[in-house]
Amino acid sequence: MGQPPWTRDLRVRLDELLDQHRWSAHDSLKGMSEDEARASLVPSRTTLLGLVKHLTYVERFYFGHVLTGRSLKELGVAATPGRSFILRPGDSVESVQAAHRTACEESRAAVRGLGLEHVVSGRKVRSMWALYVQVLRELAQHCGHADILREQLLAARPRRARTP
């Protein structure tokens, strides 16, 4: 009995999982109005738009800051994870999605050619596989949050406007 197909090339499978979750987060804003995307449905700063903005921070933090050693200021992200949820007046569905797409492209470029066994020494010493697992954990957790928020927002629409 051989390995299941998805375990034959773990790096390819992890890249696929990262991209699936990246697109899921990005597309959680699809069809949402600006008001819906900014709606606060929980006691924290968490909003659908804020989640995608935070995941942009996650991409830049791990694959920009931790991997390369670039400063958070240089990367143009918040100083702390909590502050990355804060929405500015100029943030919109379009601008946050665009920033997220750019961050994901930069992440892909930063890891291109590096194996999972590669030791990262930008800000902390750790392996690439550890960075992948951390980012995947963040993406999976926040995609779950986004699913719930999106479901609440869609359910709050008038019956004829409930399109996914």
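Above this note sits the structure.
Please read these numbers as outputs of a predicted model, since none were measured by experiment. (Residues numbered from 1 in each chain as written. Predicted model: local features only at pLDDT ≥ 70, side-chain atom pairs only at ≥ 80, totals over all residues. Heavy atoms only, no water.)

Draft legend 1. Spatial organisation of the pattern of salt bridges. Scanning all chains against the criterion turns up 10 salt bridges. Residues R11 and D15 are paired through a salt bridge, measuring 3.1 Å at the closest nitrogen-oxygen approach. Taken together, the positions of R11 and D15, both in helix α2 (residues 10–27) and 4 residues apart, correspond to about one turn of that helix. The partly exposed category is assigned to D15, whose relative accessible area is 26%. Close ionic contact of D91 with K53 constitutes a salt bridge, the shortest N to O distance being 2.6 Å. Here K53 lies in helix α4 (residues 48–68) and D91 lies in the loop between α5 (72–75) and α6 (93–111), a separation of 38 residues in the sequence. Note on accessibility: D91 and K53 belong to one class, buried. (Salt bridge = Lys/Arg side-chain N within 4 Å of Asp/Glu carboxyl O. Helix = DSSP H or I, 4+ residues; strand = E, 2+ residues; numbered from the N terminus. Buried < 20%, exposed > 50% of the residue type's maximum accessible area, 1.4 Å probe, protein only.)

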